[in-house]
Amino acid sequence: MSITPLVMGNWKMNGRAEALQHFLEDVQLTTKVDTALCPPSLYLASAFKAGLAFGAQDVSAETDGARTGELSAAMLKDVGCAYALVGHSERREYHAETNELVAEKASAAVAQGLVPVFCVGETLAQREAGEVEQVIAEQLAPLLALPDVIGKVVVAYEPVWAIGTGKTASSEDAQQVHAYIRTQFAAVDAKIAAALRILYGGSVKPDNAAELCSMPDINGALVGGASLDAASFNEIIQAAAATVAA
Ligand code: PGA
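Bear in mind that the values here come from a model prediction, so they are computed numbers and not experimental data.

A. Focus on the layout of surface pockets. The space that makes up the largest pocket amounts to roughly 560 Å³. As for the largest pocket, its lining consists of 19 residues, of which Met-13, Gln-57, Asp-58, Arg-91 and His-95 are closest to the centre. With three residues, helix α3 (residues 89-94) is the single largest residue contributor to the lining of the largest pocket. The class makeup of the residues in the lining of the largest pocket is seven nonpolar, seven polar and five charged.

As structure tokens, this is what we get:
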């Protein structure tokens, strides 16, 4: 089955309204690739560009109520959001998000019709200890126990040591983990696994995007730093588009 790649930018806590406006003017989309941008959430309500989807960088596991500072999936949907990152390693690290909470967030997103982009990835110490598959399996386990959710997610493999460091996993190492993620899903539902989009993230740049996206189980990219510059992001979109048969 051919899977349409998804290229998604994650601005994290960067950018201002003016920078976003310029980005939206300069970003060049193609029908061969799905594209999305996750700006800081307060800019979501005013952001629009035909053909570009928007995502939040996080979503509450709760619906309405006493959760100061949080945004619910229904609110994000209300302002036109299509995706929500859940379990980004920075949320796991700085906000102590557990694997169970991340799965609850994915569930809350799906309940409102948002597509969760479920982030997983090991630290350098875990990689050096040979624990990559174990860590990924533990991160995925609470998600894989949710039959109504697993068919509606995108997974992003982001090795923590590659995020913002300029170090990228080799395309072979990334492919190996992506294939492992797909087999984890296949153990639950082969059809869902075959259609699952698995993005690679971690120092994706114009000069490495083509090789990463050409791997059989890499279905696009989650791009941090390089998404702040529309020209770089455009090159990454083009690299992903080049992997799609004409
Ligand atoms: P990076 O970030 O591309 O700057 O490494 C990726 C991410 O954290 O999503």
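B. The arrangement of the packing of aromatic side chains in detail. Summed over the entire model, instances satisfying the criterion amount to three aromatic pairs. Taken together, a centroid distance of 5.4 Å and an interplanar angle of 85° make the contact between Trp-11 and Phe-23 edge-to-face. In this pair, Trp-11 is assigned in the loop between β1 (6-10) and α1 (17-26) and Phe-23 in helix α1, connecting sequence segments 12 residues apart. Overall, the relative accessible area of 2% leaves Phe-23 in the buried class.

C. Focus on the pairing of strand β2 (residues 34-38). Where burial is concerned, most of β2 is hidden: four out of the five residues are buried. One ladder, built from five bridges, connects β1 with β2; its direction is parallel. Note on β2: the bridge partner recorded for Val-7 is Thr-35. For the handedness criterion, the β-α-β arrangement of β1, α1 and β2 is classed as right-handed. As paired strands, β2 and strand β3 (residues 53-56) are joined by two bridges and run parallel to one another. From the neighbouring strand, Ala-36 faces β3, where its bridge partner is Ala-53.

Conventions used here
Residues numbered from 1 in each chain as written. Predicted model: local features only at pLDDT ≥ 70, side-chain atom pairs only at ≥ 80, totals over all residues. Heavy atoms only, no water. 1 Å grid on protein atoms, 1.4 Å probe; cavity = no way out; pocket = protein on both sides within 12 Å on 5 of 7 lines; lining within 4 Å. Points joined across faces, edges and corners; volume = space filled by probe spheres on them. Helix = DSSP H or I, 4+ residues; strand = E, 2+ residues; numbered from the N terminus. Nonpolar A, V, L, I, M, F, W, Y, C, P; charged D, E, K, R; others polar. Phe/Tyr/Trp six-rings, centres within 6.5 Å; stacked < 30°, edge-to-face > 60°. Buried < 20%, exposed > 50% of the residue type's maximum accessible area, 1.4 Å probe, protein only. Pairing = 2+ DSSP bridges. Right-handed = clockwise from strand over helix to strand, strands pointing away.

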